[in-house]
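Architecture at a glance
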Amino acid sequence: MRRLRACLGAAAAVGLAAAGTTALVAGSASGATSALSNRWYAAAPYLMPLDNDPPDPAAIMDATGLKAFQLAFVLAPNGGGCSPTWGGTAAVSSDTAVQSVVNTIRAKGGDVSVSIGGYGGTKLGQVCSDAAATAAAYQQVITKYGLHAIDFDLEEPEYENTAAIKNEIGAAKILQQNNPGLYVSVTTAGTADGTGWFGKQMLLEAKAQGFTPNNFSIMPFDGGFNGAASQTGALTNFNQILQSTFGWDQATAYAHEGFSGMNGRSDTGEFFTQTDFQTVLDYATSHNMDRFTFWSLNRDRQCTPADNGGRTSGTCSSVAQSSWDFAKYSVKFAGATPPSSTPTPTPTPTPPGTGCKPAWSSTAVYTVGNEVSYNNHNWKAKWWTQNETPVASDWGVWQDEGAC
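Description of the structure in this document. (Residues numbered from 1 in each chain as written. Predicted model: local features only at pLDDT ≥ 70, side-chain atom pairs only at ≥ 80, totals over all residues. Heavy atoms only, no water.)

To continue, consider the packing of helix α8 (residues 228–246) against helix α10 (residues 274–286). Where α8 contacts α10, the axes come no closer than 9 Å and their chain directions differ by 25°. By the criterion of interaxial angle, the relationship of α8 to α10 is roughly parallel. The two elements α8 and α10 meet at a crossing, and its hand is right-handed. Contact residues: Ala228, Gln231, Thr232, Leu235 and Thr236 in α8; Asp276, Thr279, Val280 and Tyr283 in α10. Considering only residue class, the contact of α8 with α10 consists of four nonpolar, four polar and one charged. (Axes fitted to C-alpha atoms, helices over the stretch in contact; angles between N-to-C directions. Helix = DSSP H or I, 4+ residues; strand = E, 2+ residues; numbered from the N terminus. Parallel < 35°, antiparallel > 145°, perpendicular 65-115°, else oblique. Left-handed = near helix turned anticlockwise from the far one by under 90°. Contact = heavy atoms within 4.5 Å. Nonpolar A, V, L, I, M, F, W, Y, C, P; charged D, E, K, R; others polar.)

Shown next as structure tokens:
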């Protein structure tokens, strides 16, 4: 479940070649370069190229040595139809903005994967008539950008729709067959037990269709997680689910398993620091896992001091960091060495009770702009009030200023 993803078309339908016919990916007009090693696609962090204050990928590459980016997200058109768009609004067929980002990355020797789905928005699997039609829509994306990798991000609300998941898994299988060498990842929600009921149903659908991607990745955040130990525990449990579902031994399951984290403060107020990323990275490499990625590069920079620890942002991490600290863990997973830089101290999130305004009093009179603390949050009065308990409400007197 990736939050804060502003999910960024209508293209003419392109018939997909019959199963077994190779799609001429490298022959597209995208200026595609030779494929990177699969390890780079497995390490590619998510980047929103059209929203959330997109950072300059060239600057990230120069600062970290990163070569691969996971561009997000391809969806169905907001107005309906079975054609690929960026975020439901920008048709892939006529896109030049994302193509420019792709060209910038490739000019520096890098490459991209494209992620379809994500949290929110209408997915192509929900609206296309069947797996073949869904695959035809995604083939347009592969051909347009000359892709060597693609990510199926199957989560709420789509993964609760049995027919949609059948279409997505079927499409993934068709694309895998029709684009030899295509790196395919499937990403879904994580829980303490590995993944939830809908994630397990998705795995069963893949088994029923005889589909095996390069990896199934879970997102162990926004579910009551608390640092790296809870995440590695979820990865261990997910490995057991993969074993029992597909009949794999432990090593084979790890070879088809991936991790997709969230850097900094999650949507539910969990904190994942650089130290947590290193711990999970060590777990992933020591168990020979296939994938290590995170959401997102748009967030891989420090917020203003006032925001650090207080709220979750789509454009910064809410923990103390230097820009692109978290991207360097992806570089390490790919097997490269990031450029030397001054280490950033491990951030310590502000604990409850620190930095709080004076406690709210039921007998005090507050006027516009007065600040108080209540229930480990700071609050600001919008107008005159007395004996109105601070609660989050668009129409209430109190404005929530975040945890303290």
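Picking up after the structure, the text goes on.
This part takes up the nonpolar core. Phe69, Leu71, Phe152, Phe216 and Phe292 are the most contacted members of the largest nonpolar core, which totals 95 residues. Ignoring anything within four residues of it in the chain, the contact list for Phe152 reads Ile116, Tyr138, Glu168, Ala171, Ala172, Leu175, Val184, Ser185, Val186 and Thr187. Counting residues in hydrophobic clusters, the runner-up holds seven residues, among them Trp360, Val372, Trp379 and Ala381. (Core = buried A, V, L, I, M, F, W, Y, C linked by side-chain atoms within 4.5 Å. Buried < 20%, exposed > 50% of the residue type's maximum accessible area, 1.4 Å probe, protein only.)

As a further point, take the side chain of Thr187. Structurally, Thr187 can be placed in strand β7 (residues 183–189). Classification of Thr187 as buried rests on a relative accessible area of 0%.

Our next topic: the packing of helix α7 (residues 197–209) against α8. Two quantities define a packed helix pair, namely the angle between the helix axes and the distance between the axes. Close contact between α7 and α8 brings their axes to 10 Å; oriented N to C, the two are set at 35°. You can see that α7 and α8 cross each other, and the crossing is right-handed. Contacts from Lys200, Leu203, Leu204, Ala206 and Lys207 in α7 reach Phe238, Ile241, Leu242, Thr245 and Phe246 in α8. For the contact of α7 with α8, the class distribution of residues is seven nonpolar, one polar and two charged.

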